[in-house]
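Each chain, letter by letter, is given below.
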Amino acid sequence: MAAIKAMLAAGQPPTDVAGRRQRLDSLTARYEMPADVLVEEVDANGVRAEWTSTPAADPARVILFLHGGGYVSGSIRSHRHMIAQAGREAGTRTLALDYRLAPEHPFPAALDDALTGYRFLLSQGFQPENIVIAGESAGGGLAIATLVSLREAGTALPACAWCSSPWTDLEMSGATMQTKARVDPLIQRPYLQELAAAYLQGRDPRMPMVSPIHADLRGLPPLLIQVGSDETLLDDAVRLAGVAAAADVRTTLQVWPHMIHAWHLFYEQLADGRRALAEMGAFVRARLG
């Protein structure tokens, strides 16, 4: 963890959109994809996407993955190695969406693309009970918004959902925005305020489809929420778990001591990254099919 924090602290963080996108992609460029992972590009009904699978993957089971990056950065490339490993642990294929990003494509573009990706899986013959929806950081909040939107549309919901380090409050009102600021090397309130402004472009940050801690979560499938204790977004995850539990959603909240935001990305260097993915895999295997 000390080596990872030193890497994250090196250099001056870029302030322009292109620089931020390049930096996130470069953070994980050092990690090579295992030779047994099959990677295939696909057009998911107009949304650029990518399949990954390993020899042990059940072709009928799939994780639909929504990457992090604050709705402004992040890509299939930045998260490819991690979601491939998640599929290995869960025994599934994965479909990662390259959903549209702000500021070029503000809300609801990302949500529209996530819904399109889910419906693409249904059109390909995947049964809802064999689908997992997953997201990291902004992708975690987007995953919950997608579930609520599917429920409201009367669409059959997936078997379960996995949210890692979810961003669920675009007002940034959680107490850990301040109490964890000194130990979080990645996410600070001013940075998140910029990202939220780019995504919302004047809309209300309390809208349930952007801040799902304000959503009605009744009827959602079982949730696994994983968050590090050193995250400014710790309260986002804890409050999401509380809202889900109050809505009678079967909810598992895991707080990983001393872990930083999106620590799963560094699983090749970090034992707790590998353990967290293994626990996610066990959760998914217990609920699919």
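Structure shown above.
Quantities reported herein were computed from a predicted structural model and do not represent experimental measurements.

(A) Inspection of the sheet that holds strand S3 (residues 58-66) at higher detail. Across the sheet, 8 strands lie side by side as S1-S2-S4-S3-S5-S6-S7-S8; this open sheet has mixed pairing. Looking at which strands have only one partner, the edges of the open sheet turn out to be strand S1 (38-44) and strand S8 (251-256). Strand after strand, the sheet turns through a mean of 20° between neighbouring axes, direction not considered.

(B) Structural context of the side chain of His-67. With respect to the helices and strands, the residue His-67 is situated in the loop between S3 and helix H3 (76-90). Residue classification places His-67 among the buried residues on the basis of a relative accessible area of 2%. With sequence-adjacent residues up to four places away left out, His-67 is seen in contact with Ser-73, Gly-74, Ser-75, Ile-76, His-79, Leu-97, Asp-98, Tyr-99, Leu-101, Glu-136 and Gly-139.

(C) Highlighting the pattern of salt bridges. Per the counting criterion, the structure on display carries 15 salt bridges. A salt bridge links Lys-5 to Asp-230; its shortest N-O distance comes to 3.8 Å. Separated by 225 residues along the polypeptide, Lys-5 in helix H1 (residues 2-9) and Asp-230 in the loop between strand S7 (223-228) and helix H8 (234-246) bring together distant segments of the chain. The class of Asp-230 is buried, set by a relative accessible area of 10%. The partner of Asp-98 in a salt bridge is Arg-48, and the shortest N-O contact between them spans 2.6 Å. Pair noted here: Asp-98 is in the loop between strand S4 (92-97) and helix H4 (109-123) and Arg-48 is in strand S2 (residues 47-53), with a separation of 50 residues, a long-range link.

(D) Broad picture of the environment of Ala-198. Note on placement: Ala-198 falls in helix H7 (residues 189-200). As for Ala-198 and Gly-70, which are separated by 128 residues in sequence, their C-alpha atoms are 9.4 Å apart. Once you skip the residues sitting within four places of it in the chain, Ala-198 turns out to touch Val-72, Ala-102, Pro-103 and Pro-106.

(E) The packing of H3 against helix H9 (residues 271-287), seen in detail. As a packed pair, H3 and H9 sit with axes 7 Å apart at the nearest point and diverge in direction by 50°. Comparing the axis directions of H3 and H9 gives the class oblique. Pair H3 / H9 crosses with right-handed handedness. Taking contact as the criterion, the partners of Met-82, Gln-85, Ala-86, Arg-88, Glu-89 and Ala-90 in H3 are, on H9, Leu-277, Ala-278, Met-280, Gly-281, Val-284 and Arg-285.

(F) Quick look at the pairing of S2. Of all 7 residues making up S2, 6 are buried, and the element is well covered by its neighbours. When S1 meets S2, the two strands line up antiparallel, connected through 7 bridges. Looking at S2, one finds that Leu-38 is bridged to Ser-53. The loop that links S1 with its antiparallel partner S2 comprises 2 residues; one of these, Asn-45, has a positive phi angle of about 55°. Here 4 bridges tie S2 to S4, and the two strands are oriented antiparallel to one another. Along S4, the bridge assignment pairs Thr-52 with Thr-94.

(G) Representation of the environment of Arg-48 in the model. Given a relative accessible area of 41%, Arg-48 falls into the partly exposed group. Expressed as a C-alpha distance, the spacing of Arg-48 and Thr-251, which sit 203 residues apart in the sequence, is 31 Å. Not counting residues up to four positions away in its chain, the partners in contact with Arg-48 are Glu-41, Val-42, Ile-76, Ala-96, Leu-97 and Asp-98. Separated by 2.6 Å, the side chains of Arg-48 and Asp-98 make a polar contact.

Parameters and conventions
- Residues numbered from 1 in each chain as written.
- Predicted model: local features only at pLDDT ≥ 70, side-chain atom pairs only at ≥ 80, totals over all residues.
- Heavy atoms only, no water.
- Pairing = 2+ DSSP bridges.
- Helix = DSSP H or I, 4+ residues; strand = E, 2+ residues; numbered from the N terminus.
- Axes fitted to C-alpha atoms, helices over the stretch in contact; angles between N-to-C directions.
- Buried < 20%, exposed > 50% of the residue type's maximum accessible area, 1.4 Å probe, protein only.
- Contact = heavy atoms within 4.5 Å.
- Salt bridge = Lys/Arg side-chain N within 4 Å of Asp/Glu carboxyl O.
- Parallel < 35°, antiparallel > 145°, perpendicular 65-115°, else oblique.
- Left-handed = near helix turned anticlockwise from the far one by under 90°.
- Polar contact = N/O pair within 3.5 Å; in protein donor to acceptor, adjacent residues only side chain to side chain.

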